[in-house]
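# Chains, contacts and geometry: an overview
Listed below are the residues making up each chain.
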Amino acid sequence: MSRRDAGFTLLEILVALVVLSFLMLGLSQGTRFGLQALTAQGRLLEERAELDAVDRTLRRLIERMDPGGPNQAPEIQGGRSALAFTSELPAAAAGAARLADVALMLTGGRLVLRWTPRLNAVRLGPPPAPQEAELLRGVERLEFSYWPATPAEGWVNAWTEGSLPELVRIRLVFPRGDRRRWPDIVAAPLRERPPR
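## Focus: the overall build of the protein chain
- The helix and strand tally for the protein chain stands at 2 helices and 8 strands.
- The N-to-C order of helical and strand elements in the protein chain reads α-β-β-α-β-β-β-β-β-β.
- In the protein chain, which comprises 196 residues, the proportion classed as buried is 30%.
- Contacts in the protein chain between residues far apart in sequence, at least 24 positions, make up 52% of those at least 6 positions apart.

Structure below.
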């Protein structure tokens, strides 16, 4: 066995160490990039989940608008920046009464849902205080528009008719620099009273 076959030279060991350090550097950079991407994706999914929940809630409330009865017009007050109507609440929020007087509005940058349960009985005491839930925070502007049954003029900014609009459009505008973007929410109110 010659001296050359006995082991590695110092130069070979240094080259191996340099190659190994480049590999470790690449692995650590890749891991750091992967963790940053995972964190960013988590933030986006969290923001998206919040907007998805608001979208589903608003659509459901509008789709369940009470159309009134044969001798009773629906109770709806539609403005450009607020909407009040009677709707059916989800079972989790309703408690004993499924029907409630609902109002959607913007208060201090917060999209707020305010509701008062509607009971089919005569009250003996004072009416219950409205309950309030914050649906979304950091909203700059909330805009409602309504599509009439005879759309001669297209979308209108206020609803004063004695019937439900064909469609309700909700636009959420976020402040400049906010990464959240959401398309307009368009929902069709219930056209006739469901069988009970």
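## A look at the side chain of Glu143
- Its place among the elements puts Glu143 in strand E6 (residues 141–147).
- Among the polar contacts made by the side chain of Glu143, one reaches the side chain of Arg141 at a distance of 2.5 Å.
- When residues no more than four places from it in sequence are discounted, the contact partners of Glu143 are Arg80, Arg169, Ile170 and Arg171.

## A look at the packing of aromatic side chains
- Here the structure, examined in full by the defined rule, presents 2 aromatic pairs.
- Between Tyr146 and Trp159, the ring centres sit 6.3 Å apart and the planes meet at 45°, which makes this aromatic pair tilted. Of this pair, Tyr146 sits in strand E6 while Trp159 sits in the loop between E6 and strand E7 (167–173); the two residues are 13 residues apart in sequence, bridging distant segments of the chain.
- Take Trp159: its relative accessible area is 4%, and that puts it in the buried class.
- Relative to Trp155, the ring of Trp147 lies with its centre 5.3 Å away and its plane at 65°, an arrangement referred to as edge-to-face.
- For Trp147, a relative accessible area of 26% corresponds to the partly exposed category.
- Of the residues examined, Trp155 reaches a relative accessible area of 28% and is grouped as partly exposed.
- Positioned over the ring face of Trp155 is Arg169, at 4.4 Å from the centre of the ring.

## Digging into the pattern of salt bridges
- Within this structure, the stated rule accounts for 12 salt bridges.
- Between Glu132 and Arg110 there is a salt bridge, with its nearest N and O atoms 3.5 Å apart. Linking Glu132 in strand E5 (residues 131–137) with Arg110 in strand E4 (residues 110–117), this pair joins segments that are 22 residues apart in sequence.
- The partner of Asp178 in a salt bridge is Arg180, and the shortest N-O contact between them spans 2.8 Å. As far as burial versus exposure is concerned, Asp178 and Arg180 are alike and both buried.
- Counted as one network, the salt bridges with shared partners bring together Arg80, Glu140, Arg141, Glu143, Arg171 and Asp184.

## Comments concerning the nonpolar core
- One finds Phe85 and Leu111 to be the most contacted residues of the largest nonpolar core, which totals 32 residues.
- Here this core gets 5 residues from one element, more than from any other, and that element is helix H1 (residues 10–63).
- Residues in contact with Leu111, not counting those within four places in the same chain, are Val54, Leu58, Met105, Leu106, Ala133, Glu134, Leu135, Leu136, Val139, Leu142 and Leu172.

## Examining a nonpolar patch on the surface
- Taken together, Phe8, Leu10, Leu11, Ile13, Leu14, Val15, Leu17, Val19, Leu20, Leu23, Met24 and Leu27 make up a surface patch of nonpolar side chains, about 1,300 Å² in accessible area.
- Here Leu27 is to be found in helix H1.
- Overall, the relative accessible area of 57% leaves Leu27 in the exposed class.

## Let's talk about the sheet that holds strand E1 (residues 76–78)
- Sheet architecture is open: 5 strands sit in the order E1-E2-E3-E4-E5, paired in antiparallel fashion. With partners counted over all chains shown, the strands left at the sheet margins are E1 and E5, one partner each. Neighbour-to-neighbour, the strand axes of this sheet turn through a mean angle of 30°, independent of strand direction.

Analysis parameters
- Residues numbered from 1 in each chain as written.
- Predicted model: local features only at pLDDT ≥ 70, side-chain atom pairs only at ≥ 80, totals over all residues.
- Heavy atoms only, no water.
- Helix = DSSP H or I, 4+ residues; strand = E, 2+ residues; numbered from the N terminus.
- Buried < 20%, exposed > 50% of the residue type's maximum accessible area, 1.4 Å probe, protein only.
- Contact = heavy atoms within 4.5 Å.
- Polar contact = N/O pair within 3.5 Å; in protein donor to acceptor, adjacent residues only side chain to side chain.
- Phe/Tyr/Trp six-rings, centres within 6.5 Å; stacked < 30°, edge-to-face > 60°.
- Lys NZ or Arg CZ within 6 Å of the ring centre and 35° of its normal.
- Salt bridge = Lys/Arg side-chain N within 4 Å of Asp/Glu carboxyl O.
- Core = buried A, V, L, I, M, F, W, Y, C linked by side-chain atoms within 4.5 Å.
- Patch = residues over 30% accessible without salt bridge, like charges linked within 9 Å, V, L, I, M, F, W, Y side chains within 5 Å.
- Areas by Shrake-Rupley, 256 points an atom, 1.4 Å probe, with all protein chains shown as cover.
- Pairing = 2+ DSSP bridges.
- Axes fitted to C-alpha atoms, helices over the stretch in contact; angles between N-to-C directions.

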